[in-house]
Amino acid sequence: MSIRMIDLEAEYVLLAEEVLPVITKVLKSGSYIQGKIVRDFEQDLAQYLNVKHVISCGNGTDALQISLMALGIQAGDEVIIPAFSYIAVAEVVCLLGATPVFVDVDETYFQLAIASVQKAINLKTKAIIPVHLFGQSAHFEALCELAQRNKIKIIEDCAQALGGKYSIDGKEKFLGSIGDFGCTSFFPTKNLSCFGDGGALFTNDDELAARARMIANHGQKKRYDHHLVGVNSRLDSLQAGILKVKLTKLNQVIERKSAIAERYKDRLKNLKLVELPDNCLAGQNSWHQFTIKVANGLRNPLKEHLTAKGIDSMIYYPMPITDQIAYQSYGAEFPVAQKLSYEVLSLPVHQLLTLKDIDYICAQIIAFFDARS
Ligand SMILES: *Cc1c(COP(=O)(O)O)cnc(C)c1O
């Protein structure tokens, strides 16, 4: 038995028939950067998410950076970010010379803890970047209220939550379509992914969209007409073509992953030392990861047990960002982030797993705890 976190080779085989003609067409077109197909994909994604503007770019990290640049974030400004997250969110704030203000997360949903966000806000706070971690959503209603009251911008990091939803003011909206900007990544392991690097940002604000589009392409309004200091961050035509095909399957991917998550929850519900992830705060979890918490210091032994049984698992993330060497100077204690880094374990949840695979994984997990009781 061998169960991996993700099986990109098998996913490719399923897609090949549909994707290869698109790739050939782009290759024959000679239009490899900013081709028409890039705009077509942007329009498809805008329609899917029900946002006014989608601006594609080179990767998800760039999407975050371009958003901050479009909002004019600079040295002296503070940006609130979670201490328990992927590194990109900290990187971009520091690169722009702004100050990252790390905040702890809540223990159940792994999202920015609202009381701590509230405490961190001051006159220098210009933006908050909630990361919708693992496919779950941030505590969005409370965040929006705080942001509005204090005139702070919200940039949603949707790299792990594209296709997920959140109900706000009685309306269900896609994550990424609610803040001033939403950002995503098309890295191969994400729910909507390409065959390389790619990313996009979304907004409903015409002016911000125009700025972001210029910044992503050397700050130029049209060729050799540079209005802003920009970057070179563009989605390849080839990747746009691939994404255009894969976007039509995103709902299916999320449905499949939801079914897998439900199976896990059903099979593992009686384990006392395992806490299962919640479905959602107020919407639809897109199940980028299925992340359990293992108590009593048993996380690492369980991981080793699964490895011995041919089952991959991953620790996202092994430490709070502020424990990383590059970010220690922003240090502070984040007890929840610290605790989570000892307890979390992400189990395989990719779309090609069968329920039999999940039952096998669950049987091995149950056997591990049975042997200890
Ligand atoms: C993947 C990811 C990113 C960065 O995306 P890249 O395309 O790899 O630059 C940013 N934030 C989160 C939460 C991610 O998971």
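Whatever comes next refers back to the structure up there.
Conventions and cut-offs
- Residues numbered from 1 in each chain as written.
- Predicted model: local features only at pLDDT ≥ 70, side-chain atom pairs only at ≥ 80, totals over all residues.
- Heavy atoms only, no water.
- Axes fitted to C-alpha atoms, helices over the stretch in contact; angles between N-to-C directions.
- Helix = DSSP H or I, 4+ residues; strand = E, 2+ residues; numbered from the N terminus.
- Parallel < 35°, antiparallel > 145°, perpendicular 65-115°, else oblique.
- Left-handed = near helix turned anticlockwise from the far one by under 90°.
- Contact = heavy atoms within 4.5 Å.
- Nonpolar A, V, L, I, M, F, W, Y, C, P; charged D, E, K, R; others polar.
- Buried < 20%, exposed > 50% of the residue type's maximum accessible area, 1.4 Å probe, protein only.
- Pairing = 2+ DSSP bridges.
- Near = heavy atom within 4 Å.
- Polar contact = N/O pair within 3.5 Å; in protein donor to acceptor, adjacent residues only side chain to side chain.
- Areas by Shrake-Rupley, 256 points an atom, 1.4 Å probe, with all protein chains shown as cover.
- Phe/Tyr/Trp six-rings, centres within 6.5 Å; stacked < 30°, edge-to-face > 60°.
- Disulfide = S-S within 2.5 Å.

> How would you explain the packing of helix α3 (residues 60–70) against helix α7 (residues 206–216) if you had to name every residue and give the values?
It is at 9 Å that the axes of α3 and α7 come closest, and there the two elements cross at 125°. What the angle tells us is that α3 and α7 run oblique. α7 is crossed by α3, and the crossing has right-handed handedness. Contacts between α3 and α7 involve Ile66, Met69 and Ala70 from the first element and Leu208, Arg211, Ala212, Ile215 and Ala216 from the second. The class makeup of the residues in the contact of α3 with α7 is seven nonpolar, no polar and one charged.

> Explain the pairing of strand β1 (residues 53–57) to me, using residue names and the numbers behind them.
Consecutive side chains of a regular strand alternate in pointing toward one face of the sheet and then the other. With four of five residues buried, β1 is to be regarded as a mostly interior element. In the sheet, β1 pairs with strand β9 (residues 199–203) via five bridges, with the strands oriented antiparallel. Pairing of Ile55 across the sheet is with Leu201, part of β9.

> An account of the site of the ligand is needed here, citing residue identities and associated values.
Surveying the vicinity of the ligand reveals the residues Asn59, Gly60, Thr61, Tyr86, Ala88, Val131, Asp157, Ala159, Gln160, Ser185, Lys190 and Gly198. A distance of 2.8 Å separates an oxygen atom of the ligand from a polar backbone atom of Gly60. Contacts to the ligand include Ser185, whose side-chain N or O atom sits 2.7 Å from an oxygen atom. Taking 380 Å² as the accessible area of the ligand by itself, protein coverage stands at 93%. Here the shell around the ligand is composed, by residue class, of four nonpolar, six polar and two charged.

> Give a detailed account of the packing of aromatic side chains, specifying residues and quantitative values.
Tallied over the full model, the rule gives 13 aromatic pairs. Relative to Tyr166, the ring of Phe140 has its centre 5.7 Å away and its plane inclined at 65°; by these criteria the two rings are edge-to-face. Of the two residues, Phe140 sits in helix α6 (residues 140–150) while Tyr166 sits in strand β6 (residues 165–168), which places them 26 residues apart along the sequence. The exposure class of Tyr166 is buried, given its relative accessible area of 5%. Taking 5.0 Å as the distance between ring centres and 90° as the angle between the ring planes, the aromatic pair formed by Phe368 and Phe369 counts as edge-to-face. By relative accessible area, which is 8% here, Phe369 ends up buried.

> So what's going on with the sheet that holds strand β3 (residues 99–103)? Which residues, and what values?
Spatial ordering of the open sheet is given by β1-β9-β8-β5-β4-β2-β3, a layout of seven strands whose pairing is mixed. Two strands in the sheet have a free side with no partner beyond their single neighbour: β1 and β3. Pairwise comparison of adjacent strand axes, ignoring direction, gives a mean angle of 25° for this sheet. Taken together, the four bridges between strand β8 (residues 181–185) and β9 define a ladder with antiparallel strand orientation. Paired with Gly182 across the strands is Phe202, a residue of β9. Seen against the sheet, α3 touches β1, β2 (78–82), β5 (153–157), β8 and β9 and runs at an angle of roughly 160° to β8.

> Please provide a residue-by-residue account of the environment of Gln364, values included.
Tracing the backbone through its elements, the reader meets Gln364 in helix α12 (residues 355–370). The sequence separation of Gln364 and Lys309 amounts to 55 residues, and the corresponding C-alpha distance is 7.6 Å. Setting aside residues no more than four positions away along its own chain, Gln364 makes contact with His305, Leu306, Lys309 and Ile311.

> Just give me the short version of the packing of helix α9 (residues 250–268) against α12, but keep the residues and values in it.
Axis separation between α9 and α12 bottoms out at 10 Å; the angle between their running directions is 30°. One element, α9, and the other, α12, form an angle in the roughly parallel class. You can see that α9 and α12 cross each other, and the crossing is right-handed. Here Arg256, Ala259, Ile260, Arg263, Tyr264, Arg267 and Leu268 of α9 lie close against α12, whose contacting residues are Leu355, Ile358, Asp359, Ile361, Cys362, Ile365 and Ile366. Among the residues forming the contact of α9 with α12, the class breakdown is ten nonpolar, no polar and four charged.

> For the sheet that holds strand β15 (residues 344–347), give the residues involved together with the corresponding values.
One open sheet accounts for three strands, arranged β12-β14-β15; its pairing is antiparallel. Each having just a single partner strand, β12 (274–275) and β15 make up the two edges of the open sheet. Here β12 pairs with strand β14 (residues 290–294) via two bridges, running antiparallel. Paired with Glu275 across the strands is Lys293, a residue of β14. In the packing of helix α10 (residues 299–308) onto the sheet, the strands contacted are β14 and β15, and the crossing angle to β15 comes to about 25°.

> A description of the state of the cysteines should follow, citing residues and the corresponding values.
Going through the model one piece at a time under the given rule, you end up with zero disulfides. The structure places no disulfide on Cys57, whose sulfur is separated from the nearest cysteine sulfur, that of Cys183, by 7.6 Å. Overall, the relative accessible area of 0% leaves Cys57 in the buried class. Note on Cys144: no disulfide assigned, nearest cysteine sulfur contributed by Cys158 at a separation of 12 Å. Exposure remark for Cys144: the relative accessible area of 19% places this residue in the buried category.

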